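Structure at a glance
Here is how the chains run, residue by residue.
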Amino acid sequence: MPRSHIFTFEDPERFQAAIRAGTYEVFVKSRGDFHAQLTRIDLQRLWMQRSVTDLPWIMNAANDPERAPILFLADADQAPLGESGREVAPGEIMFYRPGATKHSWTSGSSRLASMSLAHADLAAVGKAITGRELTAPSNSYLTRPDPAAMAHLRALHKAAGELAKRSPAVLATAGVARALEQKLVHAMVMCLSSDGTAGRKSCDLQHSRVIGRFERFLEANRYQPVYLAEMCAAIGASERTLRTCCQEHFGMGPVRYLWLRRMHLARRALLRADASAATVTMVATDHGFWELGRFSVEYRGLFGESPSASLRRPPDAMPARNVAY
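Residues numbered from 1 in each chain as written. Predicted model: local features only at pLDDT ≥ 70, side-chain atom pairs only at ≥ 80, totals over all residues. Heavy atoms only, no water.

One finds Phe214, Met231, Leu242, Phe250, Tyr257, Met263 and Phe295 to be the most contacted residues of the largest nonpolar core, which totals 36 residues. Of all elements in the fold, only helix 6 (205-220), helix 7 (228-235), helix 8 (239-250), helix 9 (254-272), helix 10 (280-286) and helix 11 (292-303) reach the threshold of two or more residues within this core. For this core, the leading source of residues is helix 9, giving seven residues. Look past the residues within four positions of Phe295 in its chain and what remains in contact with it is Met263, Ala266, Val280, Ala284, Phe289 and Pro307. (Core = buried A, V, L, I, M, F, W, Y, C linked by side-chain atoms within 4.5 Å. Buried < 20%, exposed > 50% of the residue type's maximum accessible area, 1.4 Å probe, protein only. Helix = DSSP H or I, 4+ residues; strand = E, 2+ residues; numbered from the N terminus. Contact = heavy atoms within 4.5 Å.)

As a volume, the largest pocket reaches approximately 390 Å³. Broken down by secondary-structure element, the contributors of at least two residues to the lining of the largest pocket are helix 9 and helix 11. In terms of residue count, helix 9 provides more of the lining of the largest pocket than any other element does, five residues in total. Classifying every residue of the lining of the largest pocket by side-chain character gives 10 nonpolar, one polar and five charged. (1 Å grid on protein atoms, 1.4 Å probe; cavity = no way out; pocket = protein on both sides within 12 Å on 5 of 7 lines; lining within 4 Å. Points joined across faces, edges and corners; volume = space filled by probe spheres on them. Nonpolar A, V, L, I, M, F, W, Y, C, P; charged D, E, K, R; others polar.)

Spatially, the five strands line up as an open sheet ordered 2-5-10-7-8, and their pairing is antiparallel. The two strands at the open ends of the sheet, each matched to only one other strand, are strand 2 (22-28) and strand 8 (86-88). Mean inter-strand twist for the sheet, computed between neighbouring axes without regard to direction, equals 25°. Sheet topology places strand 5 (residues 57-63) next to strand 10 (residues 101-105); five bridges connect them, and they run antiparallel. (Pairing = 2+ DSSP bridges. Axes fitted to C-alpha atoms, helices over the stretch in contact; angles between N-to-C directions.)

Further remarks concern empty space enclosed by the protein. Applying the stated rule across the entire model yields three cavities of 30 Å³ or more. Size it by volume and the largest cavity reaches roughly 340 Å³. Residue lining of the largest cavity: 26 residues in total, with Ile19, Tyr24, Gln49, Leu71 and Ser114 positioned closest to the centre. Where the lining of the largest cavity is concerned, the elements lending two or more residues are strand 4 (47-53), strand 5, strand 6 (67-73), strand 10 and strand 11 (110-118). Of the residues forming the lining of the largest cavity, the biggest block, six residues, is contributed by strand 4. Within the lining of the largest cavity, the residues separate by chemical class into 16 nonpolar, seven polar and three charged. Roughly 60 Å³ of internal volume is contained in the second largest cavity. Along its surface, the second largest cavity is lined by Asp11, Pro12, Glu13, Val26, His264, Arg267, Arg268 and Leu271. Elements with a contribution of two residues or more to the lining of the second largest cavity: helix 1 (12-18) and helix 9. A per-element tally of the lining of the second largest cavity places helix 9 first, with four residues. The residue inventory of the lining of the second largest cavity, partitioned by class, reads three nonpolar, one polar and four charged.

Right, dumping it as structure tokens:
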């Protein structure tokens, strides 16, 4: 049955949990009140999502291996999206390999659009529309379709989002949902079947492997203070290479990313902790912060409140709101 949801969020952890077709982890990069809206539309075969966020972030994700997703900027009036060592500019589409692990980052507010089909459905519609089966790539790549085809896809995606917002009951009717899905799938296939002048730009596999080893090292040393030389030796990459890879995948160097990641993990622990049993000192030291005064100052600078305020916050103080169905 066709259905749509529109959620609003004031907490990035709740936002990441609501995104479909994969697992996601979001780290906000700058101070401010986080606000996000996520529109999810499920048609018979096609899943769609639209997101709007107001602060810059880093997102680590693993796509659902059972689906073939694409991603593009929902409108042209925004900065490019950093995506696994590439920049997704207006008019371009990222087409992912099955189960791809990806790293995205923004430098400001963002408005993103995504769509996905099951692999069998993608092959079938590709055959019906173009005469050949369309399959997910073995290596994720960035492509620039014909501008008119891309504009048409972006306009249809926006129209679906507006319909979910203003008339969800209409969108839920079988006839409207089927007609909309047919148009969206056709537009998607036409964009993926024709490369424009930019052609295809595959992700750098060597750099992706370095980032994979880097993340496994961080997970193994989740709560330990580690140093750049130690990281480079453990993952088998030079400092220059690691810096380049982190800049491509996260929009910042490895030391800054490590600090940001640990700060967010500490915040999540504080928000989930029992204030009658846990202390800020316990949580900070568990996450590798031993200079408690500096930790408190940097925590307030990033999140806009003290660590003790986060510890005292009720667990449901920042709920997601479902504003449409």
